[in-house]
Amino acid sequence: SLENIVVKLIKKFPFETAIILIVLITHCYVIFCPPNSLMSWFATDDVFYYFKTAQNIAEGYGSTFDRIGLTNGYHPLWMLICVPIFSLAKSDPILPLRIVIAVLALFHALTACLFYRLFKKIASTTTAVVVGLFWAFFPGVHSITVQFAMETGVQAFFVALFLNLATNWESDEKASSREKIIGLISLSIAAVLVLFSRLDSMFMLFIF
């Protein structure tokens, strides 16, 4: 059957390893391209409000875009990731942009792996492979999570992580009380990371 063929292929070629390697390798052409080409990669100028604010925070000017007025117009977790990256901008303003693309590509690949694991548990291996490949390589998903270079790539990763942990916690009937409590703590930490990755995620968390 198709399911057996897919399972045999995955045993020979680990799916998650392959996805991570392919996604990272295919982004190398952007990461190492000339500065002019690199600048045209970013699909929206909104991302530079993050980048400039992160640079100002890293250089000690505080949470400000223009070094005049203060701002809190960003989602905290992505800004927290950007600040150490853009501390490098003083010596090389282009290097942080290359690192951001690499970081988001890694988040994108890991999210595909998490969705693969999730659907492998709740559906089948074949379905999981299709979902993982769709997430990793469908242009519409990629543009939102990687090319926009906003908080959505981080949010998607932590939502996928949260869904995996929630599924494990609900379905593990043999778990001891201690294991259930540890699972609930892990789920709570993941929920906080989902919230800090994008604050309007509180509505999804409220439903759960």
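Since we're looking at a predicted model, the values are computed, not measured.

A. Summary view of the overall build of the chain. Helix and strand counts for the chain come out as 12 helices and zero strands. Moving toward the C terminus, one meets the helices and strands of the chain in the order α-α-α-α-α-α-α-α-α-α-α-α. Going through the 208 residues of the chain one by one, you find that 40% of them count as buried. For the chain, the proportion of contacts with a sequence separation of at least 24, taken over those separated by at least 6, is 68%. Taken as a whole, the chain presents about 11,600 Å² of accessible surface, with 69% of it coming from carbon and sulfur.

B. Broad picture of unusual backbone geometry. Although it is not a glycine, Arg-67 sits at a positive phi angle of roughly 65°. For Arg-67, the location among the structural elements is in the loop between helix H5 (47-58) and helix H6 (76-86). Assessed through its relative accessible area of 39%, Arg-67 is described here as partly exposed. Although it is not a glycine, Ala-149 sits at a positive phi angle of roughly 55°. Secondary-structure assignment places Ala-149 in the loop between helix H9 (139-147) and helix H10 (152-171). A relative accessible area of 0% places Ala-149 in the buried class.

Rules used in this analysis
- Residues numbered from 1 in each chain as written.
- Predicted model: local features only at pLDDT ≥ 70, side-chain atom pairs only at ≥ 80, totals over all residues.
- Heavy atoms only, no water.
- Helix = DSSP H or I, 4+ residues; strand = E, 2+ residues; numbered from the N terminus.
- Buried < 20%, exposed > 50% of the residue type's maximum accessible area, 1.4 Å probe, protein only.
- Contact = heavy atoms within 4.5 Å.
- Areas by Shrake-Rupley, 256 points an atom, 1.4 Å probe, with all protein chains shown as cover.

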